[in-house]
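# Tertiary structure, described
Given next are the chains, with one letter for each unit.
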Amino acid sequence: MLDAYLRKLRTFSTEEELFHRLFRKHSSIMLLIDPETGTIAEANQAATAFYGYPQETMRGMKISLINTQQEHEIQDEMRQALEERRNYFIFRHRLADGNIRIVEIHSSAVDFRGRILLFSIVFDITERQHAQDMQRLASLVYQKSSEAMSVVDRNGEIMTINPAFTDITGYTETEAVGKNISMLNSDRETPECYRQMTKSVRDEGRWQGELWARRKNGEDFLRWLSVNTIYNGDGSVQCRVGLFSDITKKRETDELIWRQANFDTLTGLPNRSMFHDRLHQAIKQANRADQQVALLFLDLDFFKEVNDTLGHAMGDRLLQDAARRVRACVRETDTVARLGGDEFTVILGDLHDTRSVERAVNDILHTLAEPFQLGTEQVYISASIGITFHPEDGTETDTLLKNADQAMYAAKAQGRNRYSYFTASMQEAAQNRKRLVSDLRIALHEKQFRVYYQPIVDLSTGRIHKAEALIRWQHPVRGLINPLEFIPIAEETGMITELGEWIFRQAARQVGAWHTRHDPSFQISVNVSPVQLQNEGINHESWLSCLESLELPGQCVVVEITEGVLMDSSAGVTDQLLRFRDNGVQVALDDFGTGYSSLSYLKKFDIDYIKIDKSFVQNLAPGSDDMALCDAIIVMAHKLGIKVVAEGVETELQRQLLAASNCDYAQGYLFSRPLPAEEFEQLF
């Protein structure tokens, strides 16, 4: 077409003929460009309409205002056209409104009134170029995508596949094309599943979901499959396109993550998170069926002792075995969960009466009381179980768990290896305990405590040489609170560390004052909680520097511990007791005879005093068993170089019998009740 125009152009002799026949009358976009100046000599109406400039503006306009290429590139390409080295170009032209269009230009030199111009015919190929680009992109995606693609005809025969299809299934293009797509079907899916999928594709033109498939090597894999139908203009099926990816590993990873989030890794039981969900579901189901749900809270008795003596590995084996035993005692529909440590819960749903609950609980207690074989060791434990019911005791999951926990502690307090039902009084006790914890924190801050002192008398002289420091809490509302009520709470909450520090400093200052005024060898005993020693809550440097600042020797203080502390063989406890000894602080063993200590412990920790528990003293009589025990304890202690203090002396006969047995010291109501420091001083 261009050659024809050029032949006609060369025959025209006048400018008027040129414009009328080629520019003004033709619908194609045409430009005459002066290559020397790079300006547009003429533009036809189609050009002005396309570019959006008036004809007067375009005439004389620099071509570089339209062409987006660099000036030197434009000049180079015009030279190529003039020299007829090239007459076909693809440019990006800017219109008057700023839009960019892709144009194809056919350009050739013409002689116009003695001037050599470039006659250019412009074709807008933007849409065509875009379509080609999209086609190339689609081809690239098809070839490079990690998602398998296949095109099948209306009968399901494979027409084409991409490389990812081969990577995932193992079938090459040669092996797949012409075969029916059903060759990927797996026996793990039912025929009904494939029928439903086929029906959806036929009726709706598409289907999407998870589907098992089979590779060429016979291995099954899980895929996420999308099927879409392409229709002809008349509505008939042209082909169907399937896209899928292998999600087998993702599914395995998701399941692993889900199991780790919801199940205990040690026992395989539901964990705390899953337990709450199961209990919530059981409550909803019970509400619909107007039934009960029983929640059991189970804690293993003596598990800590097994863990400490045999090690964590054996402790884990015990937990695994215990979990299997409990699981075997209930129905498949019931839930056994591990909350953590040695705490388990059991959800018993679909209940019509409580008899089945008691049967399950008794089965659990019986099976857990059977011996556990841990390697070469055979150990015995038991369980304490708390029981609460929905909806009688509560309707919320947190309330029921709290109720069962309180009932479990009641069972443990009653002697272990038993169960206890939740009662309203337990809730009241729990509320009282909660208030006491809060008040205890306030008491520490406001210094509501006082130290009382009970004298320890030398039985050979009757003189007071020692005293035991005893904590008293003067509550602003409740008055004097028994230490037996708040000390266990202080130990459980960790407040015993701060409280013990305060008691020691009070006792140190008091013994310093009495050293000055009365007796330079006077001693005060300070009770140390096992919790303080186990958690290394005692700041030895602080205690010793306190004595040093008061110019007091270590011997002015006696640390009183219980037999349970000696049984804790951990290095931390041992080191702390030995540090006391090395700094002159003496150690007394309180409540001797009520625990399980042996003579080896007395020797190992270099005990200075043992205190005979008041349970042996209160029934002392000549020739009695308690008298024989006291005699034996006193003789044994003296043989080991240990002094003896008898506690709970209340009668003159008790004092005389102990003195006759050469007991060194005694304390009790016979001599004095615990007194504030100012009243105690009168006893000197």
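Residues numbered from 1 in each chain as written. Predicted model: local features only at pLDDT ≥ 70, side-chain atom pairs only at ≥ 80, totals over all residues. Heavy atoms only, no water.

In this section: the overall build of the protein. Check the secondary structure of the protein and you find 27 helices and 27 strands. The C-alpha radius of gyration of the protein comes to 48 Å, more than 25% above the 26 Å expected for a compact globule of 684 residues. When its C-alpha atoms are laid out on the principal axes, the protein stretches across 155 × 65 × 50 Å. Across the protein, contacts joining residues at least 24 apart in sequence account for 56% of those joining residues at least 6 apart. If you sum the accessible surface of the protein, you get close to 35400 Å²; carbon and sulfur atoms cover 49% of it. The centroid of the 75 positive side-chain charges in the protein is displaced by 7 Å from the centroid of its 98 negative side-chain charges. (Helix = DSSP H or I, 4+ residues; strand = E, 2+ residues; numbered from the N terminus. Rg over C-alpha atoms; globule rule 2.2 N^0.38 Å. Contact = heavy atoms within 4.5 Å. Areas by Shrake-Rupley, 256 points an atom, 1.4 Å probe, with all protein chains shown as cover. Lys, Arg positive; Asp, Glu negative; His and termini not counted. Charge placed at Lys NZ, Arg CZ, Asp CG, Glu CD.)

With that settled, consider unusual backbone geometry. Look at the link from histidine 390 to proline 391: it is a cis peptide, with omega at 5°. Positive phi is not limited to glycine here, since glutamate 84 has a value of about 55°. Among the secondary structure elements, glutamate 84 is positioned in the loop between α5 (71–82) and β3 (88–94). Judged by its relative accessible area of 59%, glutamate 84 is exposed. (Buried < 20%, exposed > 50% of the residue type's maximum accessible area, 1.4 Å probe, protein only.)

Looking at the second largest pocket, its volume works out to about 520 Å³. In terms of lining residues, the second largest pocket is bounded by 23 residues, among which Gly156, Ile181, Met197, Thr198 and Arg240 are the most central. A per-element tally of the lining of the second largest pocket places helix α9 (residues 191–204) first, with 5 residues. In terms of residue class, the lining of the second largest pocket is built from 10 nonpolar, 8 polar and 5 charged. (1 Å grid on protein atoms, 1.4 Å probe; cavity = no way out; pocket = protein on both sides within 12 Å on 5 of 7 lines; lining within 4 Å. Points joined across faces, edges and corners; volume = space filled by probe spheres on them. Nonpolar A, V, L, I, M, F, W, Y, C, P; charged D, E, K, R; others polar.)

One open sheet accounts for 5 strands, arranged β12-β13-β11-β16-β17; its pairing is mixed. A single partner strand is all that each edge strand has here, and the edge strands are β12 (335–340) and β17 (418–421). Pairs of neighbouring strands in the sheet enclose a mean axial angle of 20°, with direction left out of account. Sheet analysis places strand β16 (residues 382–390) next to β17, joined by 4 bridges and oriented parallel. What sits directly across from isoleucine 385, in β17, is tyrosine 419. Together, β11 (292–301), β12, β13 (343–351), β16 and β17 form the strand contacts of helix α15 (residues 397–413), whose direction differs from that of β16 by roughly 145°. (Pairing = 2+ DSSP bridges. Axes fitted to C-alpha atoms, helices over the stretch in contact; angles between N-to-C directions.)

Under the definition given, this model contains 22 aromatic pairs. Where tyrosine 453 meets tryptophan 514, the ring centres are 5.3 Å apart and the plane angle is 70°; that geometry is what we call edge-to-face. Taken together, the residues span a long stretch of sequence, with tyrosine 453 in strand β18 (residues 449–458) and tryptophan 514 in helix α18 (residues 496–517) at a distance of 61 residues. You'll find tyrosine 453 and tryptophan 514 in the same group, each marked buried. Centroid distance phenylalanine 504 to tryptophan 543: 4.1 Å. Interplanar angle 10°. Geometry classified as stacked. One end of the pair, phenylalanine 504, is in helix α18; the other, tryptophan 543, is in helix α20 (residues 540–549), with 39 residues separating them in the sequence. (Phe/Tyr/Trp six-rings, centres within 6.5 Å; stacked < 30°, edge-to-face > 60°.)

Moving on: the pattern of salt bridges. Oppositely charged side chains can form a pair if their charged atoms are brought close together. Summed over the entire model, instances satisfying the criterion amount to 35 salt bridges. The partner of lysine 199 in a salt bridge is aspartate 203, with the nearest N and O atoms 3.0 Å apart. Here the residue lysine 199 and the residue aspartate 203 both occupy positions in helix α9, the gap between them amounting to 4 residues, near one helical turn. Judged by relative accessible area, which is 42%, lysine 199 ranks as partly exposed. Between arginine 581 and aspartate 582 there is a salt bridge, with the nearest N and O atoms lying 3.1 Å from each other. Residues participating in the shared-partner salt-bridge network are Glu468, Glu560, Lys611 and Glu647. (Salt bridge = Lys/Arg side-chain N within 4 Å of Asp/Glu carboxyl O.)

Once that is clear, we can look at the packing of helix α12 (residues 303–310) against helix α13 (residues 312–328). The contact between α12 and α13 brings their axes to 6 Å, and the two run at 140°. Between α12 and α13, the residues in contact are Phe303, Val306, Asn307 and Leu310 and His312, Met314, Gly315, Leu318 and Leu319, respectively. In the contact of α12 with α13, the residues fall into 6 nonpolar, 3 polar and no charged.

A few words now on empty space enclosed by the protein. Over the atoms a probe the size of a water molecule is rolled, and this reveals where empty space is left. Tallied over the full model, the rule gives 2 cavities of 30 Å³ or more. Lining the largest cavity are 15 residues, with Ile33, Met78, Phe91, Ile105 and Ser120 sitting closest to its centre. Ranked by residue count, the leading element in the lining of the largest cavity is α5, at 4 residues. Its residues assigned to classes, the lining of the largest cavity shows 10 nonpolar, 4 polar and 1 charged. In this structure, the second largest cavity encloses a volume near 50 Å³. Surrounding the second largest cavity, Ile456, Lys466, Ser525, Val558, Glu560, Ala588, Tyr609, Lys611 and Val645 form its lining. If you list the elements that add at least two residues to the lining of the second largest cavity, you get β22 (557–561) and β24 (609–612).

Reading across from one edge, β2-β1-β5-β4-β3 is the order of the 5 strands in this open sheet, with antiparallel pairing throughout. Whereas interior strands pair on both sides, the edge strands pair on one side only; in this sheet they are β2 (39–43) and β3. Each strand axis lies, on average, 40° off the axis of its neighbour in the sheet, ignoring direction. Judged from the 10 bridges that link them, strand β4 (residues 100–112) and strand β5 (residues 115–124) form a sheet pairing that is antiparallel. Bridging across to β5, serine 107 finds its partner in serine 120. Taken strand by strand, α5 contacts β1 (29–34), β3, β4 and β5, and its axis lies near 105° from that of β5.

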